[in-house]
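Chain by chain, the residues run as shown.
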Amino acid sequence: MILTALVASPFLLGALAWVLPGRTARRAVFMAAGLVQAALAARVIVNPPPPEWGGALGADALGQIFLGIVTLLFALGAVYTFGYMGLHRHPRRRYYVPTMLFFLGSMTLAVLSRHLGLFWVALEATTLSSATLIFFDRSERSLEAAWKYLILCSVGIALALAGTFFMALAIPSGAEGSLQLDHLMAAAPQMAPGWLKTAFLFLLVGYGTKMGLAPMHTWLPDAHSEAPSPVSALLSGALLNCAFLGILRAFQVTSAAGLGDFARRPLLVLGFVSMATAAAFLIRQPDYKRLLAYSSVEHMGILAVGTGLGGGPAAYGALLHALNHSLAKALLFFTAGAVFLLYHSKAVAGVSGLARRAPLVAVLFAAGFLSITGTPPFGLFVSEFTILLAALAGGHTWLSALYLLLLAVAFTAMGAAFLGMIFGQPPEPPESPAQELKGWHAVMVLAPPAVLAAASLVLGLYLPERLSALLKSAALLLGGHG
Amino acid sequence: MSAWVHAILVAVLLLDLLLSVTSRLSVLIRGFALQAVGIAALALLLGGFDSPHAWIVAGGTIALKATAIPYFLNRAAQRTNARRELEPLVSYGTSLLLAALGVLLAFGLATRLPLEARRAGFLIAAAAFATMITGLLLLVTRTKALTEVVGYLVLENGIFLFGLTLLSRMPLLVEMGILLDVFVGVFVMGIVVYNIHRTFDHIDVSALTTLKEDEP
């Protein structure tokens, strides 16, 4: 029951918010949804319930990790939204709250579904609900971004549907044939390898498009930079991971069939292509929200590399990295929203002297920068280092060197941009009447990134026993041993 | 496999060729809807007339893909004054040639894949691949937003056709979810196209080029 409730409550509350008149009522529903979701998800993660819907809905270790990420970011995003919208002269849109809740519901369904067909339906639903959030501004740029996002991701996901069907065709005639994960894993050793390989490639390209792996990433910088900041945080921190989960599910089945080696190579290639493409576009990137978006492409590449290296430690590192990246990226997008409120500019050149103008925002921005670039003692350092050690242990010396080089380029490129924004002289005199971050709205804007910065720091210093055990059992699902 | 199934699959293949040469949006929409009707009929022929599952899938396909989506697309075309695709990236002759090559490629793929005749008939796979290729062709070579939406729908038709061979293995919930996703997808795309038309006064997506990287 609890899993059904977890999936159903955002949709029901979203429908309620749709019919409710008045902004205050909708806000109350939104906050309530965030709280209910957090409570239910915590219960599921602490005490995993048995599968429901005939095994199609369940919370295995992988699902629990991604459920935790989605729920945490949404709850913080709900708080942030009110502060941000309170300070920003955004147009008010009645559909914002219902659409956000549908978006949450479809992401929750995606992370909990253990049926590849159901997963597909959920992931396509995330595209549709988030597209309307991207063109929230109705500006020319946001419309263009929404159009690219819709058409490229829909086509990409259509290919993943073809891949899903190919996988069903690979099931031998005798076996219990459904696209439910347990059935697939059981039937995997007898599957027709030709169909299964085709299926994996289609799923990789399809879900890879949605995950933002280069060269299918072209929609991502537009969509993530044009969306309002709370939405950007969810798109980068939560939604990309959902698509990654789709690739992991396909990888699970392919590994169970003994074709893990076949599956690892394209993952490695796409991973390094993504890291390299992102590094190239990070250099002298003039727009700081696009900078963050390209950084997402880079980190999705790292996830693909970690999975592609294979083996327990690398898979463990990749999953830990997914968690760390979500925390750090949401921190950065939340803070970028605050910076935008202060300077009314998304240009790196339009922001300077943040340390003097708003010291607290500057500290958060700096923490986000150090965290996302994997500087110790933040969490991403641990996960990036884990993946590096796994690569070295696997004898991939050249790949390790390339990995380090690309990380260094990203660090330098982002460092140059962030130094310029944080230090230097604040623009004087301010062209527009300076907007100050004050009052309750400011607290709601700054508290969520502060929580995330603390979490990112804690994960770099100390990994709780429970979390580590959860990551280990999830890595085991990916065919890692220990 | 009955003669009816063959006849419908051949019709689907011919519609692929028609879709790749027509410049009129109304013909494109009608061609897509006819394909959807064919798929609904195939769902019944393959799933059996006594199977409620097959009836629901066929009914859903007719209601959403052959009725609601074409109605919605036609309305969007009227509101944005889109009648013809005047500037495709390749000429219609080349388009036809590419589509014909696509059909050949589809048959080649269908023979090459380790296909079990028992489950997925050779001709179904070939027709499904050909329809997918036609959809991709429309997506790549056309520049009007609504034509691209039809391209996406044709691609999805091909995939759904492929899925028909799995009718017994797929829970109804998933098939309905797929249909619903496509419907809502077209609805959302329609809204974006309408807003693009209002903001830019055209729906030529090749002219949407503000968002790109400036040379550093």
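Residues numbered from 1 in each chain as written. Chains lettered and ligands numbered in written order. Predicted model: local features only at pLDDT ≥ 70, side-chain atom pairs only at ≥ 80, totals over all residues.

What follows covers the overall build of chain B. Secondary structure summary: chain B contains seven helices and zero strands in total. For chain B, the sequential pattern of α-helices and β-strands runs α-α-α-α-α-α-α. Within the span of chain B, comprising 216 residues, buried residues form 47% of the whole. In chain B, once contacts between residues fewer than 6 apart in sequence are set aside, the share between residues at least 24 apart is 75%. (Helix = DSSP H or I, 4+ residues; strand = E, 2+ residues; numbered from the N terminus. Buried ≥ 20, exposed ≤ 12 C-beta atoms within 10 Å, placed from the backbone. Contact = placed C-beta atoms within 7 Å.)

What follows is about the overall build of chain A. Secondary structure summary: chain A contains 19 helices and zero strands in total. The C-alpha radius of gyration of chain A comes to 21 Å, within 12% of the 23 Å expected for a compact globule of 482 residues. Dimensions of chain A along its principal axes, counting C-alpha atoms only, are 75 × 55 × 45 Å. Residue burial in chain A is summarised as follows: out of 482 residues, 62% are buried. Partitioning the contacts of chain A with sequence separation of at least 6, the portion at a separation of at least 24 is 81%. (Rg over C-alpha atoms; globule rule 2.2 N^0.38 Å.)

For the rest of this paragraph, the subject is the environment of A188(A). Residues and elements named next belong to chain A. As for its placement among the helices and strands, A188 is situated in the loop between α7 (181-187) and α8 (193-211). A188 sits 153 residues away from L35 along the chain, and the two C-alpha atoms are 40 Å apart. Beyond its immediate stretch of four places on either side in the chain, A188 contacts V253, A256 and A257.

With that settled, consider the interface of chain A and chain B. Of the residues lining the interface, 37 residues belong to chain A; the matching set on chain B comes to 37 residues. Those elements that place two or more of their residues in the side of chain A that touches chain B are α5 (116-134), α6 (140-170) and α8 of chain A. In terms of residue count, α6(A) provides more of the side of chain A that touches chain B than any other element does, 17 residues in total.

Residues and elements named next belong to chain A. Closest axis-to-axis distance for the helix α11 (residues 260-282)/helix α12 (residues 288-309) pair is 7 Å, and the angle between their directions is 155 degrees. Relative to α12, the element α11 is oriented roughly antiparallel. The chirality of how α11 crosses α12 is left-handed. Counted by class, the contact of α11 with α12 contains 16 nonpolar, seven polar and two charged residues. (Axes fitted to C-alpha atoms, helices over the stretch in contact; angles between N-to-C directions. Parallel < 35°, antiparallel > 145°, perpendicular 65-115°, else oblique. Left-handed = near helix turned anticlockwise from the far one by under 90°. Nonpolar A, V, L, I, M, F, W, Y, C, P; charged D, E, K, R; others polar.)

Turning our eyes to something else, we now look at the packing of helix α15 (residues 359-372) of chain A against helix α18 (residues 439-461) of chain A. Residues and elements named next belong to chain A. Taken N-terminus to C-terminus, the directions of α15 and α18 make an angle of 40 degrees; their axes are 10 Å apart at the nearest point. α18 is crossed by α15, and the crossing has left-handed handedness. Listed contacts from α18 to L360, L364, A367, G368 and S371 of α15 are L446, P449, A450, A453 and S456. The residue makeup of the contact of α15 with α18, split by class, is seven nonpolar, three polar and no charged.

Below, the discussion takes up the environment of A358(A). All names here are of chain A. Tracing the backbone shows A358 in the loop between α14 (354-357) and α15. Here the alpha-carbon distance between A358 and W53, two residues 305 residues apart in the chain, equals 51 Å. Each residue touching A358, except ones within four places of it in the same chain, is listed here: L342 and L437.

Once that is clear, we can look at unusual backbone geometry. Apart from glycine, the bulk of residues carry a negative phi angle, and the bulk of peptide bonds sit in the trans form. Residues and elements named next belong to chain A. Between A214 and the following residue, P215, the backbone shows a cis peptide bond with an omega angle of 5 degrees. Tracing the backbone shows P215 in the loop between α8 and α9 (220-226). Residue P376 is joined to P377 through a cis peptide bond whose omega torsion reads 5 degrees. Here W53, not a glycine, exhibits a phi torsion of approximately 55 degrees, which is positive. Looking at the element boundaries, W53 is found in the loop between α2 (23-46) and α3 (61-87). Residue classification places W53 among the partly exposed residues on the basis of 18 C-beta atoms within 10 Å. Phi is positive for R284, which is not a glycine, with a value near 55 degrees. Mapped onto the elements, R284 comes out in the loop between α11 and α12.

We now examine helix α4 (residues 96-112) of chain A. Under the 1.5 Å per step criterion, the end-to-end length of α4(A) is 24 Å for 17 residues, consistent within 8% with the ideal 24 Å. Counting buried residues in α4(A) gives 17 out of 17 residues, a clear majority hidden from the surface. (Expected span 1.5 Å × (residues − 1).)

Let us now look at the confidence of the model for chain B. Confidence in the prediction of chain B, expressed as mean pLDDT, is 83, and 90% of residues score 70 or more. For this predicted complex, the interface confidence reaches an ipTM of 0.88, while the overall pTM sits at 0.92. (pLDDT = per-residue confidence, 0-100.)

Our next topic: the environment of S400(A). All names here are of chain A. Relative to the helices and strands, S400 is located in helix α17 (residues 397-422). S400 sits in the partly exposed class, given 19 other C-beta atoms within 10 Å. Linking S400 and G163, residues 237 residues apart in sequence, is a C-alpha distance of 31 Å. Here S400 is in contact with L388, A391 and L392, once residues within four sequence places are set aside.

All names here are of chain B. With 28 residues, helix α3 (residues 52-79) extends 39 Å between its outermost C-alpha atoms, agreeing within 8% with the 40 Å of an ideal straight helix rising 1.5 Å per residue. The sharpest bend along α3 comes to roughly 30 degrees, located at A68, with the proline P70 sitting one to four residues further on. Inspection of α3 places A54, V57, A58, T61, L64, K65, A66, I69, P70, L73, A76 and A77 among the buried residues, and these make up the whole buried set. If you follow the buried residues of α3, they end up packed against α2 (25-47), α6 (145-164) and α7 (172-200). (Bend = angle between axes of the 7 residues up to and from the residue.)

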